[in-house]
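# Per-entry structural report
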Amino acid sequence: MDSALLVLETWQISGMINESARLARAFCDRRLPVMAFLDTHHPNKPEDPYPTHCIAGTHESNLVPALQWIEKEPNVTIRRKDCFDGYFGSIEDDGSNVFVDWVKNHQIRKLVVVGVCTDICVLDFVCSTMSARNRGFLRPLEEVVVYSAACATFDIPTHVATHTKGALAHPQEFMHHVGLYMAKERGAKIANQLSFSEQTKA
């Protein structure tokens with residue numbers, strides 16, 4: 001499957017980036033902890049069934065320009081992952097988990113999740129996080145909130161998939177909502193807007 005088929009429609013991806021940047025600024029202004037996962041793959045470790053993407057050292061494996069400023073923020077933790085799921089991508093060779101430690105060290109009670117792709121990386125991370133929370137591995141975490149306006153996924157039209165070997169149709173808006181629906185089914189809350197009280201500080 002040609003990587004060119006994985007199309008992120010401009011309106012949805014632009015909205016996701018703008019909302020993510022706005023939210024990041026709000027968190028940083030309040031000195032709230034932020035953890036950013038960056039999809040980063042090695043050339044000899046493909047992520048089937050998807051085409052080659054986000055190879056280490058390329059611009060695809062870095063933050064988009066609108067979010068690169070967060071790398072210098074003291075409240076931001078950057079984690080590169082080589083799998084769909086940021087929870088599993090946080091596991092170190094010694095068995096420790098960077099994300100779990102981050103939650104515990106910062107005493108995170110409510111987690112806001114944004115990103116791409118809604119029905120893949122976002123959903124997988126939410127499912128693992130909800131399971132870990134339910135098993136008591138993520139105390140004191142209580143709530144996981146997926147902010148829908150800052151999530152997006154890709155588009156493969158049916159007519160393209162029909163004529164492309166190995167491709168499946170992936171209607172963008174529908175699959176975005178499937179991801180949100182499944183996250184809610186796992187116990188996450190879905191929000192289409194977020195607000196902060198003046199008392200919200202780290």
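First, a word on what this report is: a plain description of the structure on this page. All figures in this text were calculated on a predicted structure; none of them were measured in a lab. (Residues numbered from 1 in each chain as written. Predicted model: local features only at pLDDT ≥ 70, side-chain atom pairs only at ≥ 80, totals over all residues. Heavy atoms only, no water.)

### Points about the packing of aromatic side chains
Applied cut-off: For Phe, Tyr and Trp, rings pair up if their centres lie within 6.5 Å, where Trp contributes its six-membered ring, and each pair is then called stacked (planes under 30 degrees apart), edge-to-face (over 60) or tilted (otherwise). For the purposes of this entry, the term helix denotes a DSSP run of H or I that reaches at least four residues, the term strand denotes a run of E that reaches at least two, and both are numbered from the N terminus. Throughout this description, buried means an accessible area under 20% of the type-specific maximum (1.4 Å probe, protein chains only), exposed means over 50%, and partly exposed covers the range between. As a reminder, the over-ring test applies to NZ of lysine and CZ of arginine, requiring each to be within 6 Å of the ring centre and within 35 degrees of the ring normal.
Counting across every chain of the model gives 9 aromatic pairs. Centre to centre, the rings of Y50 and F154 are 6.4 Å apart; their planes meet at 80°, and the pair counts as edge-to-face. With a gap of 104 residues between them, Y50 in the loop between strand 1 (34-39) and strand 2 (76-81) and F154 in the loop between strand 4 (143-152) and helix 4 (158-162) connect regions that are remote in the sequence. For Y50, a relative accessible area of 22% puts it in the partly exposed group. Grouped by ring-pair contacts, the aromatic residues F37, Y87, F88, F99, W102 and F125 constitute a single cluster. Of note, R25 hangs over the ring of W69, and the distance from its end group to the ring centre comes to 3.8 Å.

### Examining the packing of helix 3 (residues 118-134) against helix 5 (residues 172-185)
Heads up, the rule is: Between N-to-C directions, angles cover 0 to 180 degrees, with each direction set by a line fitted to C-alpha atoms, over the stretch in contact for helices. Relative orientations are named as follows: roughly parallel for angles under 35 degrees, roughly antiparallel for angles over 145 degrees, roughly perpendicular for angles from 65 to 115 degrees, and oblique for any other angle. A contact between two residues is defined here by any heavy atoms of the two lying within 4.5 Å. Polar here means any residue outside two lists: the nonpolar Ala, Val, Leu, Ile, Met, Phe, Trp, Tyr, Cys and Pro, and the charged Asp, Glu, Lys and Arg; Gly therefore counts as polar.
Running from N to C, helix 3 and helix 5 point in directions that differ by 10°, and their axes come no closer than 9 Å. As summarised for this structure, helix 3 and helix 5 are arranged roughly parallel, according to the angle between their axes. Residues T118, D119, L123 and V126 of helix 3 form the contact with helix 5, whose own contacting residues are M175, H176, G179, L180, M182 and A183. Taken together, the residues of the contact of helix 3 with helix 5 sort by class into 6 nonpolar, 3 polar and 1 charged.

### Things to note about the environment of M16
Tracing the chain through its elements places M16 in helix 1 (residues 10-29). A residue is classified by how much of its surface remains accessible, and M16, at 9% relative accessible area, is buried. It is 21 Å that separates the C-alpha atoms of M16 and C127, two residues lying 111 residues apart in sequence. Residue contacts for M16: discarding those within four places in its chain leaves G115, V116, A149, A150, C151 and A152.

### Considerations on the side chain of H170
In plain terms, the rule: The term polar contact refers here to a pair of N or O atoms within 3.5 Å; inside protein, the definition further demands a hydrogen-donor-capable atom paired with an acceptor-capable atom, and it admits residues adjacent in sequence only when both atoms are side-chain atoms.
Secondary-structure assignment places H170 in the loop between helix 4 and helix 5. For H170, a relative accessible area of 9% translates into the label buried. Only 2.9 Å separates the side chain of H170 from the backbone oxygen of F154, close enough to count as a polar contact. Leaving out residues up to four positions away in the same chain, H170 has contacts with D119, T153, F154, D155, I156 and M175.

### Points about the environment of R31
Counting through the fold element by element, R31 comes out in the loop between helix 1 and strand 1. For R31, a relative accessible area of 53% puts it in the exposed group.

### Overview of the nonpolar core
Using the following cut-off: Put simply, a nonpolar core is a bunch of buried Ala, Val, Leu, Ile, Met, Phe, Trp, Tyr and Cys residues held in one set by side-chain atoms that sit within 4.5 Å of each other.
By size, the foremost hydrophobic cluster in this structure holds 24 residues, and its most contacted members are F99, L111, V113, V126, L138, V144 and V146. Looking at this core, the elements with two or more residues in it are helix 2 (98-105), strand 3 (110-116), helix 3, strand 4 and helix 5. In terms of residue count, the dominant contributor to this core is helix 3 (7 residues). With residues up to four places along the chain from it excluded, the contact list for V113 reads V122, F125, V126, V144, V145, V146, Y147 and C151. Ranked by size, the runner-up nonpolar core spans 15 residues in total, among them A21, C28, L32 and A150.

### What about the pairing of strand 4?
The condition is simple: For two strands to pair, DSSP has to find at least two bridges joining them. A right-handed crossover is one whose linking path, passing over the helix from the first strand to the second, runs clockwise when the strands point away from the viewer.
Taken across its 10 residues, strand 4 has 8 buried, putting it largely inside the fold. Bridge count for strand 3 against strand 4 is 6 bridges, and the pairing is parallel. Within the sheet, the bridge partner assigned to V112 lies in strand 4 and is V145. In this view, the connection linking strand 3 to its parallel neighbour strand 4 by way of helix 3 has right-handed handedness. Bridging between strand 4 and strand 5 (residues 189-191) involves 3 bridges; their strand directions are parallel. Considered in strand 5, the bridge of V146 is made with I190.

These values are about where atoms sit, not about what they do.
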